[in-house]
Amino acid sequence: MRFDVITIFPEMMLDSAMYGVTGRAIKQGIVNLSVWNPRNYTSDRHKTVDDRPYGGGPGMVMKYQPLKDAIDNAKDSADARCVKVVYLSPQGRPITQQLLNESVALDQLILVAGRYEGIDERFIEDECEEEWSLGDFVISGGELAALVVIDGVSRLLPGVLGDDESAQQDSHMYGLLDCPHYTRPEVIEGKKVPDVLLSGNHKGIERWRLQQSLGRTWQKRPDLLLNKELTTEQQALLEEFKIELKN
Ligand SMILES: Cc1cccc(C(=O)NCC2(NC(=O)c3cccc4nocc34)CCCC2)c1
């Protein structure tokens, strides 16, 4: 899968993506990441990518033409069939696991990261098929959202995560919070690792982990349970968790 990011901070994208899972996916050639800087498509001496907003007000707005030339080059550089152009913006559709799951099917994802106060609305209308948002807060640019999309989608591509890494993708854990994790030493600060994890009883360990995920989701994010059909076994585990909590 190919990601093309339109950004005035190309190094930020490339340097950040070269770590961990995404870095490995790029080295393996499973993921291809290209960055396109609108500043390289300006014709004035100052390489101007922004200008003052019509109607006045604070800040600057990113100009249409440098963005357009950058995205045209991004499109020309890949003969991909299944392409989507997305503007990362506070007005966008929330970035969720479902959105990431849907994006795995694409051959190329072109991500437009805004800076300043935003980009000329006419560019969004003409070039951006969708808008996606990291959340309802004020941040300085779309690059962090682009990195979240690249990381989250890359993890879903075949061959990127080793067998022992894809734990979080387990189907029955989908839509639940994570279970607690422990590693050596067995005791630290007088606190022991739960006995079940030392038992070598794999069925019991799996059961305990699922129960912890269910219990913690119920405690911290009950909203997630509203749209998750629990099996009768999962319901029983959760009930047992609640009872043990009382004792
Ligand atoms: C709630 C609210 C209202 C008004 C402005 C802003 C705001 O933060 N404006 C600044 C910019 N924000 C984002 O790009 C951005 C922000 C949030 C989530 C995102 N997910 O992707 C990109 C995102 C827009 C142009 C450059 C940065 C936020």
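So, here's what we can say about the structure. Please read these numbers as outputs of a predicted model, since none were measured by experiment.

Next up on the list: the pattern of salt bridges. Applying the stated criterion to the full structure yields 13 salt bridges. In this structure, R221 and D223 form a salt bridge, with 2.8 Å as the shortest nitrogen-oxygen distance. Taking relative accessible area as the criterion, D223 reaches 36% and is therefore assigned partly exposed. Residue K242 is joined to E239 by a salt bridge in which the shortest nitrogen-to-oxygen separation is 3.3 Å. You can see K242 and its partner E239 sitting in helix α9 (residues 232-246), three residues apart, about one turn around the helix. Taking relative accessible area as the criterion, E239 reaches 40% and is therefore assigned partly exposed.

The next subject is the environment of Y174. With respect to the helices and strands, Y174 occurs in the loop between α6 (143-154) and β8 (187-188). As for Y174 and K228, which are separated by 54 residues in sequence, their C-alpha atoms are 9.0 Å apart.

For the ligand, the set of nearby residues contains 19 residues, the closest of which are L134, G135, F137, V138 and I139. Taking L134, its main chain carries an N or O atom lying 2.8 Å from a nitrogen atom of the ligand. Contact distances for the ligand include 3.1 Å between an oxygen atom and a backbone N or O atom of I139. For the ligand, the protein covers 79% of the area, taking 560 Å² as the surface of the free molecule. Elements with a minimum of two residues in the shell around the ligand: β5 (83-94) and β7 (130-133). It is β5 that provides the largest number of residues to the shell around the ligand, a total of three residues.

Right, let's talk about unusual backbone geometry for a bit. If a residue is not glycine, its phi is most likely negative; likewise, a peptide bond is most likely trans. Look at the link from R184 to P185: it is a cis peptide, with omega at 5 degrees. Residues other than glycine seldom take positive phi values, yet K47 does so here, at roughly 50 degrees. Mapped onto the secondary structure, K47 falls in the loop between β2 (32-36) and β3 (50-51). By relative accessible area, which is 39% here, K47 ends up partly exposed. Even without being glycine, Y116 reaches a positive phi, approximately 55 degrees. Of note, Y116 is situated in the loop between β6 (108-113) and α5 (121-127).

All of the buried residues along helix α1 (residues 10-17) are P10, M13 and A17. Mapping the buried residues of α1 onto a view down its axis gives an arc of 70 degrees, with all of them on the same face. The secondary structure elements touched by the buried residues of α1 are β1 (2-6), α2 (20-27), β2 and α6.

Conventions adopted
- Residues numbered from 1 in each chain as written.
- Predicted model: local features only at pLDDT ≥ 70, side-chain atom pairs only at ≥ 80, totals over all residues.
- Heavy atoms only, no water.
- Salt bridge = Lys/Arg side-chain N within 4 Å of Asp/Glu carboxyl O.
- Buried < 20%, exposed > 50% of the residue type's maximum accessible area, 1.4 Å probe, protein only.
- Helix = DSSP H or I, 4+ residues; strand = E, 2+ residues; numbered from the N terminus.
- Near = heavy atom within 4 Å.
- Polar contact = N/O pair within 3.5 Å; in protein donor to acceptor, adjacent residues only side chain to side chain.
- Areas by Shrake-Rupley, 256 points an atom, 1.4 Å probe, with all protein chains shown as cover.
- Arc of directions from axis to C-beta.
- Contact = heavy atoms within 4.5 Å.

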